[in-house]
Amino acid sequence: MPKLRVHNIAVSLDGFAAGPDQGPDAPLGRGGERLHDWVFRTRYGRDMIGDPGGDPGPDNDILAAGDHNIGATIMGRNMFGPVRGYWPDDSWTGWWGDTPPYHHDTFVMTHHPRPDLPMKGGTTFRFVSGTLEDVLARAFEAAQGQDVRLAGGASAIRQYLAAGLVDEMNLAIVPTLLGSGERLFDNLGTLPGYRVVDMVSTAAVTHVWLARSA
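As the structure is a computational prediction, the values presented were derived from the model and not from experiment.

So, how was this worked out
Residues numbered from 1 in each chain as written. Predicted model: local features only at pLDDT ≥ 70, side-chain atom pairs only at ≥ 80, totals over all residues. Heavy atoms only, no water. Helix = DSSP H or I, 4+ residues; strand = E, 2+ residues; numbered from the N terminus. Rg over C-alpha atoms; globule rule 2.2 N^0.38 Å. Buried < 20%, exposed > 50% of the residue type's maximum accessible area, 1.4 Å probe, protein only. Contact = heavy atoms within 4.5 Å. Areas by Shrake-Rupley, 256 points an atom, 1.4 Å probe, with all protein chains shown as cover. Lys, Arg positive; Asp, Glu negative; His and termini not counted. Charge placed at Lys NZ, Arg CZ, Asp CG, Glu CD. Polar contact = N/O pair within 3.5 Å; in protein donor to acceptor, adjacent residues only side chain to side chain. Pairing = 2+ DSSP bridges. Axes fitted to C-alpha atoms, helices over the stretch in contact; angles between N-to-C directions. Salt bridge = Lys/Arg side-chain N within 4 Å of Asp/Glu carboxyl O.

**A few points about the overall build of the protein chain**
In terms of regular secondary structure, the protein chain is built from 5 helices and 11 strands. Expected size for 214 residues packed as a compact globule is a radius of gyration near 17 Å; at 17 Å, the protein chain falls within 12% of this value. The burial tally for the protein chain puts 46% of its 214 residues in the buried class. In the protein chain, once contacts between residues fewer than 6 apart in sequence are set aside, the share between residues at least 24 apart is 62%. With an accessible surface of roughly 10,700 Å², the protein chain has 53% of that area assigned to carbon and sulfur atoms. Of the side chains in the protein chain, 18 bear a positive and 25 a negative charge, and the two mean positions are spaced by 2 Å.

Shown next, in the form of structure tokens:
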């Protein structure tokens with residue numbers, strides 16, 4: 001049965017998935033880029049940005065596993081970009097240039113309508129409203145039997161966790177402190193219905209997997 005999966009969400013030791021003051025020059029907020037340093041030391045991460053080299057090993061393999069058997073992606077509007085409120089125009093097309101890394105239908109949750117945005121490489125951003133369940137149903141339909149990835153940001157993940165709709169979740173806990181920003185687990189209590197099922201530590205990060213309880 002297809003699943004809703006969260007993969008390689010980097011969080012600081014003090015629980016932040018992004019730093020403060022996100023903007024066009026700081027997609028992850030001030031200091032937030034430190035959360036992804038480990039990604040771009042791997043072979044898979046460097047290949048994503050068209051650079052040679054990078055290290056093989058567990059971090060590389062875990063990063064790559066996040067894209068396996070994914071047929072559609074869901075993200076929050078804040079992950080798509082820094083524009084807030086009504087779209088002033090359609091000029092903002094995401095952080096990822098002309099060829100985003102998704103290569104399939106990617107559903108951006110927003111209260112403000114906007115036409116679908118086809119991009120090079122097979123990604124089409126679809127701006128959707130409705131309930132979490134409605135968005136997930138559309139994503140499962142687009143995935144055609146494959147899993148759906150919930151890419152972020154922190155607010156979107158919190159909403160789906162609170163609703164008990166995430167089937168599997170993989171975190172990368174990065175040994176750094178941000179001090180402020182957006183926490184991943186705010187207002188979720190003890191996360192009833194989820195349990196830790198595995199953990200792998202490397203020199204760069206600690207990978208933790210959670211699964212929805214039966």
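**Section: unusual backbone geometry**
Residues Gly152 and Gly153 are joined by a peptide bond in cis, for which omega reads -5 degrees. Along the polypeptide, Gly153 turns up in the loop between strand E7 (147-152) and helix H5 (154-162). Backbone geometry places Asn69, a non-glycine residue, at a positive phi of 60 degrees. By secondary structure assignment, the location of Asn69 is in the loop between helix H2 (58-65) and strand E3 (70-76). Positive phi, close to 65 degrees, is recorded for His103, a residue that is not glycine. You can see His103 is positioned in the loop between helix H3 (77-80) and strand E4 (105-109). Looking at His103, the relative accessible area reads 47%, which means it is partly exposed.

**Side note on the environment of Arg84**
Tracing the backbone through its elements, the reader meets Arg84 in the loop between H3 and E4. For Arg84, a relative accessible area of 42% corresponds to the partly exposed category. Taking C-alpha positions, Arg84 is 9.6 Å from His112, a pair spaced 28 residues apart along the chain. Once you skip the residues sitting within four places of it in the chain, Arg84 turns out to touch Gln22, Arg77 and Asn78. One polar contact links Arg84 to Gln22, side chain to side chain, over a distance of 2.6 Å.

**Describing the sheet that holds strand E11 (residues 206-212)**
An order of E5-E6-E4-E3-E7-E1-E8-E11-E10 is seen for the 9 strands of this open sheet, with the pairing classed as mixed. Two strands bound the open sheet, and with one partner strand each, they are strand E5 (117-118) and strand E10 (194-201). Pairing analysis gives 5 bridges linking E3 to E7, with the strands arranged parallel. Paired with Ala72 across the strands is Val148, a residue of E7. Strands strand E1 (4-12), strand E8 (168-174) and E11 of the sheet are contacted by H2, whose axis makes an angle of about 135 degrees with E1. Helix H4 (residues 132-143) rests against E1, E3, E4, strand E6 (124-128) and E7 of the sheet, and its axis sits at about 155 degrees to E3.

**Some details on the side chain of Thr73**
Position of Thr73 among the secondary structure elements: in strand E3. A polar side-chain atom of Thr73 sits 2.8 Å from a polar atom in the side chain of His104. Residue contacts for Thr73: discarding those within four places in its chain leaves Tyr102, His104, Asp105, Thr106, Phe107, Arg149 and Ala151.

**Describing the pattern of salt bridges**
Following the criterion strictly, the structure yields 10 salt bridges and no others. Notably, a salt bridge pairs Asp90 with Arg114, separated by 3.5 Å at the nearest N-O pair. Placement of Asp90 in the loop between H3 and E4 and of Arg114 in the loop between E4 and E5 is noted, with a sequence separation of 24 residues between them. Several salt bridges converge on common partners, so that one network encompasses Asp105, Asp116 and Arg126.

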